[in-house]
Amino acid sequence: MSLTIYLDDCSDDNRLIHSLTLAGHTVISPRSTNTKDLDDGDHLRYAAAHGYCVLTHNPLDFRRLHRDWQDRGFTHSGIFVIYRDNNIRKDMNNIDIVRSIANLSASNLPIANEIHILNQWR
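Sequence order sets the numbering: in each chain, residues are counted from 1 along the sequence as written. Confidence filtering applies because this is a predicted model: local features only for residues at pLDDT of at least 70, side-chain atom pairs given and counted only at 80 or more, and all residues used for totals across whole chains, interfaces and linings. The basis for every side-chain value is the complete set of non-hydrogen atoms in the structure, without hydrogens or water.

Enquirer: Please give an account of the overall build of the protein chain that cites residues and values.
Expert: Only DSSP runs of H or I covering at least 4 residues are called helices, and only runs of E covering at least 2 are called strands; the numbering of each starts at the N terminus. Secondary structure summary: the protein chain contains 5 helices and 5 strands in total. In the protein chain, the order of α-helices and β-strands from amino to carboxyl end is β-α-β-α-α-β-α-β-α-β. The reference for a compact globule is 2.2 Å times residues^0.38; the radius of gyration itself is calculated from the C-alpha atoms. For 122 residues, the compact-globule estimate of 2.2 N^0.38 gives 14 Å, and the C-alpha radius of gyration of the protein chain, at 13 Å, lies within 12% of that figure. Here's how the labels work: a residue is buried when its accessible area is under 20% of the maximum for its type, exposed when over 50%, partly exposed in between, all with a 1.4 Å probe on protein chains only. Here the protein chain holds 122 residues, and 44% of them are scored as buried. At a minimum sequence separation of 6, the contacts of the protein chain that also span at least 24 residues come to 62%. Accessibility throughout is a Shrake-Rupley quantity obtained with a 1.4 Å probe, and a residue counts as covered only by protein chains that appear here. Split by element, the accessible area of the protein chain, about 6700 Å² in all, is 47% carbon and sulfur. Under the counting rule used here, the positive set is Lys and Arg, the negative set is Asp and Glu, and His together with the chain ends is not counted. By convention, charge coordinates are those of NZ in Lys, CZ in Arg, CG in Asp, or CD in Glu. One finds the centroid of the 13 positive side-chain charges in the protein chain at a distance of 6 Å from the centroid of its 15 negative side-chain charges. Residues are treated as being in contact if the distance between any of their heavy atoms lies within 4.5 Å.

In structure tokens, the structure reads:
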């Protein structure tokens, strides 16, 4: 399944954009949309307004935002979070991220209005 993925500031990386694009996804960077340096809530609002899934390396803030949005009845197109251990052997690389999204997509679980920890889909 091909997705349109919006990277928040902490995930905005040219190599990740290249890897996701090669896998068939459309990738939106905050640099290309004048949304760089927004707070996380504004990133989520922007992505939701355009139907984009969010990919972030900032899981705590986006988990909180997801809960808040659920409580208020707001909808979004999905949030993918990645945890970092600051250990090169454990942290996900770009290939791991692409593979995780493919594995999640193949599971046929809903993505919209859900938050998924990509680390669990390696």
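Enquirer: Any chance you could break down the pairing of strand β1 (residues 4–7) for me, citing the residues and the numbers?
Expert: Here 3 bridges tie β1 to strand β2 (residues 26–28), and the two strands are oriented parallel to one another. Bridging from a neighbouring strand, Tyr 6 pairs with Ile 28 of β2. Handedness of the β1-helix α1 (residues 14–22)-β2 crossover: right-handed. Pairing between strands is defined by DSSP: at least two bridges between them are needed. The handedness of a crossover follows from its direction of travel: if, with the strands pointing away from the viewer, the path from the first strand over the helix to the second runs clockwise, the crossover is right-handed.

Enquirer: Before we move on, can you summarise the pairing of strand β3 (residues 53–56) with the specific residues and values?
Expert: Because side chains alternate across β3, one face comprises the buried residues Cys 53 and Leu 55, and the other comprises Val 54 and Thr 56, equally buried. Alignment of β3 against strand β4 (residues 79–81), held across 3 bridges, turns out to be parallel. By the bridge assignment for β4, Val 54 is matched with Ile 79. Each parallel crossover has a hand, and for β3 linked through helix α4 (residues 59–72) to β4 it is right-handed.

Enquirer: Explain helix α5 (residues 94–106) to me, and be specific about the residues and the numbers.
Expert: Helices are assigned an expected span. That span is 1.5 Å times one less than the residue count. For α5, which comprises 13 residues, the first-to-last C-alpha distance of 18 Å matches the rise-based estimate of 18 Å (1.5 Å per residue) to within 8%. Along α5, the positions that sit buried rather than exposed are Asp 96, Ile 97, Val 98, Ser 100, Ile 101, Leu 104 and Ser 105. Buried residues belonging to α5 abut β1, α1, β3, β4 and β5 (115–117). At the C-terminal side of α5, Asn 108 shows a positive phi close to 65 degrees.

Enquirer: Give a description of the sheet that holds β3 that names residues and reports values.
Expert: One open sheet holds the 5 strands; their spatial order is β2-β1-β3-β4-β5, and the pairing between them is parallel. Where the open sheet ends on each side, the last strands, each with one partner, are β2 and β5. Taken pair by pair, the neighbouring strands of this sheet meet at an average axis angle of 25 degrees, ignoring direction. Sheet analysis places β4 next to β5, joined by 3 bridges and oriented parallel. Looking at β5, one finds that Ile 79 is bridged to Ile 115. In this fold helix α3 (residues 40–50) packs onto β1, β3 and β4, with an angle of close to 160 degrees to the strand it touches most, β1. All axes here are fitted lines through C-alpha atoms, helices being fitted over the stretch that makes contact, and every angle between N-to-C directions spans 0 to 180 degrees.

Enquirer: Can you break down α3 residue by residue, with the values?
Expert: Buried residues of α3: Asp 40, Gly 41, His 43, Leu 44, Tyr 46 and Ala 47, and no others. Within 3.5 Å is the distance limit for a polar contact, defined as a pair of N or O atoms, with the added protein rule that one can donate a hydrogen and the other accept it, and that residues adjacent in sequence qualify only through two side-chain atoms. For α3, the side-chain oxygen to backbone nitrogen distance between the N-cap and Gly 41 is 3.1 Å, and the N-cap itself is Asp 39. Phi for Gly 51, located one or two positions after α3, is positive at around 75 degrees.

Bear in mind that shape data such as this cannot, by itself, settle questions of function.
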